[in-house]
Amino acid sequence: MDLVVLILIILAVVLAFGIGANDETMANVVSSGSLKLKYAVLFGGVLAFLGCLFLSANVGKTIGKSLLGSEVSYNSFMMMAILLSTSFWLIISSKTSVPISTTHSVVGSVFGISFVWAIATGQNYFLSINWIKMGEVAIGWVLSPILGFCGAIIAQLIITRFMKYRSSGLIQVEKTEKFFQYIILAFVCINQISRGGNDSANALGIIYGLIKSGDIAQDIEVILIIIVGFMLMAGLIIIGKNVIENIGTTAGKMRPSDSLAAEISASLIIFGATVFGFPVSGSHILIFALIGSARMKGITPDKKSFRRMVSSWFLTFPVAAILSAVIYTSLLFLV
Amino acid sequence: MLHKSKKNSNKKEKKNHKVKMQDLFIEAAEKIEIAINYMCETIVALCNENLSEVKKYSNLTIKTEKEADRLYEQIIERMYSRETLVFSRPDRLYLSNQIEKVIDKAELVVRRIGSYKPSHIPELADLLIETTNISKQIGTLLKETIIKVFTDFDAADNLANKIEDIRREIRKLEWDFLKKLYKIKPDFPDLLFYDNLIQIIAITIDKAEEFADGINGLICKYRL
């Protein structure tokens, strides 16, 4: 195996670890008291591993070479630029506590390298991108948070109606909330498996690209998927517990019925997107779903935090594109 | 040996937990009614100049307060177990704290009565007995409100509103009592004693009303 290919695999594996470390899916389980942190982290890690193993293929193949135009020859330097820019932006964002989407970073990076490729080869830039595929991905990005928002409103409406009949006294309220704890647990399982599949695809997309280009033998595909899944699980168990604990304790006084609507909506949309192969941002969907359910209860989200989050989402794409373009250009000059 | 004693203490703990936390709250709520009733009986005995009854009911009030303290400790001990949900713990804590506060105030009234033997003033005694009748009603209503908040928000809401209405009568009686007291102008120690006594009784009832208001707030929070 080529040294460059080996470096690429290592970078993809490191990226998987980073993705797992930033996974906050189990936070709701902890904040609603369904599971203790240590069990939630272990459970989440196993589910993410299963998601990577069984649900990553469709999304992974979309994120890989298929985003580039047919004229572009997808090479190792391009992959390295994508991996480095995504990992770098992930680290910077994590350091400044700004939540970003790994998927947005990866696709932004693909834009960056395609731009450099067009300049370097003197080709038309519009030929460097598979616009149909990119359009599908963009529609997924726009539609998924909107669906998350609307789904949460509907779910909240149903839950509120249900709670009206079940809130005759504090004991009854607590019994209903305990019942909701188990339902949350079921939806979080769907969400964690789906996110394991959807998010790990960002790392696996590169590996699928290498397999398609013949740099990696088809035989070791499953082994690599297992390694990526294992790293995803390790990231979640070793570092992810901090994110989960942080979010889980921040929302410490949340009632299970408060987070159930958002959880139902987010988990179903992420699951659907993963099964149909759309790379979506789990964080964006979950946050829009939380806003939807909060609006339904007459709560306005904190404007300052919301503005900060949205601006970071808009920044991710151009920053990742610029970073990957700079890294790819540097690699071209170095070699 | 150590292992055996640990096993025994675990068994004891499990046995103790056979009493539902819910039942502890009901028992604590009943203590409010009992303590206020004993407090009222002490006042009535004072008005009837029956010192042995004063002593008897004072001791019973103090004993009830101590029992309520033990219950409070048991509730706090079990507050952070899986019997309760995280979101309702502050509210359960609020309920148990307020129960303790009302009973503490009732104890304060009987302690005050035990500190001095005033001269008998019939006009004031009549008003005091009238006050105890209303206080007893408030004690019973408060107990019912606490019990109902766990099972029936609507009933608890109605009971809490009733407490608010009845408390106004106590306030009126307090002013009448003070007016009469300053008109009669007894000896300074008697004046001070009666002035203090009516104020502490009013404070006890105010605490009960404040508690009822708090329960109304809880109902607003939980009832959709």
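What counts and how
- Residues numbered from 1 in each chain as written.
- Chains lettered and ligands numbered in written order.
- Predicted model: local features only at pLDDT ≥ 70, side-chain atom pairs only at ≥ 80, totals over all residues.
- Heavy atoms only, no water.
- Contact = heavy atoms within 4.5 Å.
- Buried area = accessible area lost by both parts, 1.4 Å probe.
- Salt bridge = Lys/Arg side-chain N within 4 Å of Asp/Glu carboxyl O.
- Polar contact = N/O pair within 3.5 Å; in protein donor to acceptor, adjacent residues only side chain to side chain.
- Helix = DSSP H or I, 4+ residues; strand = E, 2+ residues; numbered from the N terminus.
- Phe/Tyr/Trp six-rings, centres within 6.5 Å; stacked < 30°, edge-to-face > 60°.
- Axes fitted to C-alpha atoms, helices over the stretch in contact; angles between N-to-C directions.
- Parallel < 35°, antiparallel > 145°, perpendicular 65-115°, else oblique.
- Nonpolar A, V, L, I, M, F, W, Y, C, P; charged D, E, K, R; others polar.
- Core = buried A, V, L, I, M, F, W, Y, C linked by side-chain atoms within 4.5 Å.
- Buried < 20%, exposed > 50% of the residue type's maximum accessible area, 1.4 Å probe, protein only.
- Left-handed = near helix turned anticlockwise from the far one by under 90°.

Turning our attention to the interface of chain A and chain B. Contacts between chain A and chain B engage 21 residues on the former and 18 residues on the latter. Across the chain A/chain B interface, buried area totals approximately 1,700 Å², and carbon plus sulfur atoms make up 63% of it. Here chain A and chain B share one salt bridge between them. A salt bridge links Glu174(A) to Arg92(B), with the shortest nitrogen-to-oxygen separation between them at 2.8 Å. There are seven residue pairs in polar contact (both at pLDDT 80 or more) connecting chain A and chain B. Counting only elements with at least two residues in the side of chain A that touches chain B, the list comes to α6 (131-165) and α7 (170-213) of chain A. If you tally residues by element for the side of chain A that touches chain B, the top one is α7(A), at eight residues.

What follows covers the packing of aromatic side chains. Two aromatic rings are characterised by how far apart their centres lie and by the angle between their planes. One pass over the full model with this rule turns up 14 aromatic pairs over all chains. Members of the aromatic cluster, each reached through a chain of ring pairs, are Phe111(A), Phe115(A), Tyr125(A), Phe126(A), Trp131(A), Trp141(A) and Phe317(A).

Moving on, we get to the packing of helix α2 (residues 21-47) of chain B against helix α5 (residues 122-151) of chain B. All names here are of chain B. As a packed pair, α2 and α5 sit with axes 9 Å apart at the nearest point and diverge in direction by 175°. On the basis of their axis angle, the class for α2 and α5 is roughly antiparallel. For the contact of α2 with α5, the residue count by class is 17 nonpolar, six polar and five charged.

Moving on, we get to the nonpolar core. Soluble, globular proteins show a tendency: their nonpolar side chains are buried together. All names here are of chain B. In terms of nonpolar packing, the biggest core is built from 142 residues, with Ile 32, Leu 128, Ile 146 and Phe 211 touching the most fellow members. With 15 residues, helix α7 (residues 188-222) is the largest single contributor of residues to this core. Other than its neighbours up to four places away in sequence, Ile 146 contacts Ala 29, Ile 32, Ile 99, Phe 211 and Ile 215.

Let's shift gears to the environment of Gly33(A). All names here are of chain A. Looking at where Gly 33 falls in the secondary structure, it is placed in the loop between α2 (27-31) and α3 (37-63). Residue Gly 33 is classed as partly exposed on the basis of its relative accessible area, which comes to 21%. Each C-alpha atom, one on Gly 33 and one on Gln 181, is 7.4 Å from the other, the two residues being 148 residues apart in sequence.

All names here are of chain B. Packing of helix α6 (residues 153-184) against α7 leaves a shortest axis separation of 9 Å and a crossing angle of 160°. The angle between the axes of α6 and α7 places the two elements in the roughly antiparallel class. Relative to α7, α6 is oriented so that their crossing is left-handed. When its residues are assigned to classes, the contact of α6 with α7 shows 18 nonpolar, three polar and nine charged.

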